[in-house]
Amino acid sequence: MAGGFFDDLAFEAGLAARAIGDAAGNLIEPKIRLGVTGLSRAGKTVFITALVHALTAGGRFPVLTAMAEGRVAGAELAPQPDDQVPRFAYEAHLDAFLGADRHWPHSTRAIAELRLVIDYESKSGWRRGPKRLTLDLVDYPGEWLLDLPLLKQDYATWSRHTLAACRTPQRLKHATAFLQAAEAGAAGKADEIEAQRIAELFRQSLVAMRDDPTIIARLAPGHFLMQGEREGAPALTFAPLPVSGEIKSGTLAAMMARRYDAYRDHVVKPFFRDHFARLDRQIVLVDVLYALNAGPDAVADLRIALDDILGAFRTGADSFWTDWFRPKIDRVLFAATKADHLNSVSHDRLEAILRLIVERSMRRIGDSGARIDVIALASVRATREADVRDGSTVLPAIAGVPLKGEVIGDVVFDGIREAVIFPGDLPAKPELAIDSGFPKGSMQFVRFRPPLIEAQDRGFPLPHIRLDRALEFLIGDQLP
Ligand SMILES: Nc1nc2c(ncn2[C@@H]2O[C@H](COP(=O)(O)OP(=O)(O)OP(=O)(O)O)[C@@H](O)[C@H]2O)c(=O)[nH]1
Ligand SMILES: [Mg+2]
């Protein structure tokens, strides 16, 4: 265990004060903090934009009971509670969909927050009458959850784990230059320029691993590829080194160890204290199709990646964490995103594959008492159903406008014309998708442009698949 961690009384006191403040606020007006996470490009920004638009625009949302029963009077954006967190740029993201050139919102890669107040009519017994629910949406990178184990590991232990992970066959080719520098530098003296050089080589290996489609599991530190305003700070300028025994003062390893501690104190702990520990509900978005497309190694790696990030949700049984903070998340939804890349005949299959991938983690989170569900959804549906005829058989396909430059065989799409595409069928048995029985290339995916939304349709939810079902699970009980 990391020495001195529990000496951090001010830190724990801050956590307790925050929890009491949150609870007091809840007595006055019910409030739900919904965390939206997932690895980069999983679909967090699109999900929140579509959700906020659906609730504020009103209109049809049949599976969200309160809306289907006509009890939601309206929803509007309100000033967010935390001054130090960037606001989720809802209007800019929505403009991306509705603007003349219809594009997807840009990558965000940091935390952002948005507050929505929902006015509704309660029909339940003593609560009957007009009510208000405050919904705080917190968009944060799933990569940050990988940092939780660091709080339990000292620098030498973390270095050992991370160097071993860099040497696995999938990753070694991306880490060669860094590993050489780390071996050579381990015994050296503390030196700023050398520390920067090795840290930069380490960061470059993490970038190369992130950009390799077969590697989905990420290595901590989760903030290294999303440094934002802290770029260049010593707390983000370190790397693992092969150290054995006592770390002597004045060495490069001692310098790195001090920075590792600073990272834990100034980056990791505040995130878990100020954001994660305050969440009530959580949706974890997963791009299952991306992994299926990249082949069986990627699917196996996706399972590891999710196990890693989901560790943060199953801290309940471990006394180390319960002494420190008790996550109060009582519902977790796993969602396979971008289901509009498949015909509806495959949506349940996609759900079944994700269920199998997260099965182990789900059981452990379930032990802590949280309700869990799995869904396949498209926050914004860019395609419609279509059939293609292959001789006498009719194949369940999709039609949409592929993004400019997307390719199938020798066809290069122009971003203007619609195409009908048969992406292939997901296997009926989800086990097949996870082992090598479902080889790379079994499916053909292209990315589509966002759908065209006519002016008269802007007062309704954007086209979607099962977004209302996701919301019913996440907040339906809070609109009784
Ligand atoms: N067809 C379709 N594509 C989607 C959907 N959601 C996300 N995408 C695609 O996935 C990409 C990433 O979505 P984002 O919402 O930006 O993902 P993110 O998780 O916020 O990504 P970062 O901000 O980079 O962490 C988008 O640019 C779209 O190409 C969806 O519902 N349907
Ligand atoms: Mg984003």
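Residues numbered from 1 in each chain as written. Chains lettered and ligands numbered in written order. Predicted model: local features only at pLDDT ≥ 70, side-chain atom pairs only at ≥ 80, totals over all residues. Heavy atoms only, no water.

Structural notes on the overall build of the chain
Then, in step 1: Within the chain one finds 15 helices and 12 strands.
Then, in step 2: For a compact globule of 480 residues, the expected C-alpha radius of gyration is about 23 Å, and the chain comes in at 24 Å, within 12% of that figure.
Then, in step 3: Taken along the three principal axes of its C-alpha coordinates, the chain extends 70 × 60 × 40 Å.
Then, in step 4: When each of the 480 residues of the chain is scored for burial, the buried share is 54%. (Helix = DSSP H or I, 4+ residues; strand = E, 2+ residues; numbered from the N terminus. Rg over C-alpha atoms; globule rule 2.2 N^0.38 Å. Buried < 20%, exposed > 50% of the residue type's maximum accessible area, 1.4 Å probe, protein only.)

What to know about the environment of Tyr 120
Then, in step 1: Following the sequence through the fold, Tyr 120 ends up in strand β3 (residues 112–122).
Then, in step 2: Since its relative accessible area comes to 2%, Tyr 120 is described here as buried.
Then, in step 3: Through-space distance from the C-alpha of Tyr 120 to that of Ala 73 is 5.1 Å; in sequence the pair is 47 residues apart.
Then, in step 4: Leaving out residues up to four positions away in the same chain, Tyr 120 has contacts with Arg 71, Val 72, Ala 73, Arg 127, Gly 129, Pro 130, Lys 131, Arg 132, Leu 133, Gln 478, Leu 479 and Pro 480.
Then, in step 5: A polar side-chain atom of Tyr 120 sits 3.5 Å from the main-chain carbonyl oxygen of Gln 478. (Contact = heavy atoms within 4.5 Å. Polar contact = N/O pair within 3.5 Å; in protein donor to acceptor, adjacent residues only side chain to side chain.)

Describing the coordination of the magnesium ion (ligand 2)
Then, in step 1: Bound to the magnesium ion (ligand 2) on the protein side are Thr 45 (OG1) and Thr 108 (OG1), at distances that span 2.0 to 2.1 Å. Note that Thr 45 is positioned in helix α2 (residues 44–57) and Thr 108 in the loop between α4 (90–98) and β3, a separation of 63 residues in sequence.
Then, in step 2: The class for Thr 45 is buried, based on a relative accessible area of 9%.
Then, in step 3: Residue class for Thr 108 comes out partly exposed when judged on its relative accessible area of 35%. (Donors = N, O, S within 2.8 Å, 3.2 Å for Na, K, Ca; no water.)

Thoughts on the site of ligand 1
Then, in step 1: What surrounds ligand 1 is a group of 18 residues, the closest being Thr 45, Val 46, Ser 107, Thr 108 and Asp 340.
Then, in step 2: Taking Asp 340, its side chain carries an N or O atom lying 2.8 Å from a nitrogen atom of ligand 1.
Then, in step 3: Contact between ligand 1 and Val 380: a nitrogen atom at 3.0 Å from a main-chain N or O atom of the residue.
Then, in step 4: When ligand 1 is considered free in solution it has 640 Å² of accessible area, and contact with the protein chains removes 95% of it.
Then, in step 5: Within the shell around ligand 1, the residues separate by chemical class into six nonpolar, seven polar and five charged. (Near = heavy atom within 4 Å. Areas by Shrake-Rupley, 256 points an atom, 1.4 Å probe, with all protein chains shown as cover. Nonpolar A, V, L, I, M, F, W, Y, C, P; charged D, E, K, R; others polar.)

Description of the sheet that holds strand β8 (residues 384–390)
Then, in step 1: Pairing within the open sheet is antiparallel, and its three strands lie in the order β8-β9-β12. Of all the strands in the sheet, the pair left with one neighbour each is β8 and β12 (419–421). Neighbour-to-neighbour, the strand axes of this sheet turn through a mean angle of 45°, independent of strand direction.
Then, in step 2: Bridge analysis of β8 against strand β9 (residues 393–400) gives seven bridges, and the strand direction is antiparallel. Looking at β9, one finds that Val 388 is bridged to Leu 395. (Pairing = 2+ DSSP bridges. Axes fitted to C-alpha atoms, helices over the stretch in contact; angles between N-to-C directions.)

Considering the domain arrangement of the chain
Interface extent is often summarised as the accessible area lost during association of the parts.
Then, in step 1: When its domains are assigned, the chain resolves into domain 1 (5–140 + 275–380 + 460–478), domain 2 (153–266) and domain 3 (384–457).
Then, in step 2: Here domain 2 and domain 3 have C-alpha centroids that lie 40 Å from each other. (Domains from an automatic or database assignment.)

Things to note about the packing of aromatic side chains
Then, in step 1: In the structure shown here, the tally under the stated rule is 16 aromatic pairs.
Then, in step 2: Between Tyr 155 and Trp 158 the ring centres are 6.1 Å apart and the planes differ by 45°, which places this aromatic pair in the tilted class. Here Trp 158 and Tyr 155 lie together in helix α5 (residues 155–166), a separation of three residues that amounts to about one turn.
Then, in step 3: Ring geometry for Phe 224 against Tyr 263: centres 6.1 Å apart, planes inclined by 90°, an arrangement best described as edge-to-face. Taken together, the positions of Phe 224 in the loop between α7 (192–210) and α8 (252–274) and Tyr 263 in helix α8 put the pair 39 residues apart, joining distant regions of the chain. Residue Phe 224 shares its accessibility class with Tyr 263, and that shared class is buried.
Then, in step 4: Put simply, the rings of Tyr 155, Trp 158, Phe 178, Phe 202, Phe 224, Phe 238, Tyr 260 and Tyr 263 touch in pairs and so form one group of aromatic residues.
Then, in step 5: Sitting over the face of the ring of Phe 460, Arg 60 holds its NZ or CZ atom 4.5 Å from the ring centroid. (Phe/Tyr/Trp six-rings, centres within 6.5 Å; stacked < 30°, edge-to-face > 60°. Lys NZ or Arg CZ within 6 Å of the ring centre and 35° of its normal.)

Things to note about the sheet that holds strand β5 (residues 281–286)
The strands making up a sheet associate through hydrogen bonds between their backbones, and the pairing can be parallel or antiparallel.
Then, in step 1: The strand order across the open sheet built from seven strands is β2-β3-β4-β1-β5-β6-β7, with neighbouring strands paired in mixed fashion. In this open sheet, the two edge strands, each paired with only one partner strand, are β2 (72–78) and β7 (371–376). For this sheet, the mean angle separating the axes of adjacent strands, direction not counted, is 20°.
Then, in step 2: Here six bridges tie strand β1 (residues 31–38) to strand β4 (residues 129–139), and the two strands are oriented parallel to one another. Paired with Val 36 across the bridge in β4 is Asp 139.

Some details on unusual backbone geometry
Then, in step 1: Here the amide bond leading from Ala 220 into Pro 221 is cis, since omega sits at 5°, within 30 degrees of zero.
Then, in step 2: Secondary-structure assignment places Pro 221 in the loop between α7 and α8.
Then, in step 3: Although it is not a glycine, Lys 338 sits at a positive phi angle of roughly 60°.
Then, in step 4: Secondary-structure assignment places Lys 338 in the loop between β6 (331–336) and α12 (347–357).
Then, in step 5: In this model, Arg 466 sits at a positive phi of 60°, which is unusual for a non-glycine residue.

Here's the deal with the packing of α7 against α8
Then, in step 1: Between α7 and α8, the shortest axis-to-axis distance is 10 Å and the interhelical angle comes to 65°. α7 and α8 meet at a crossing whose hand is right-handed. Facing Glu 192, Glu 194, Ala 195 and Ile 198 of α7, the residues of α8 in contact are Leu 252, Met 255, Met 256 and Arg 259.
Then, in step 2: Within the contact of α7 with α8, the residues separate by chemical class into five nonpolar, no polar and three charged. (Left-handed = near helix turned anticlockwise from the far one by under 90°.)

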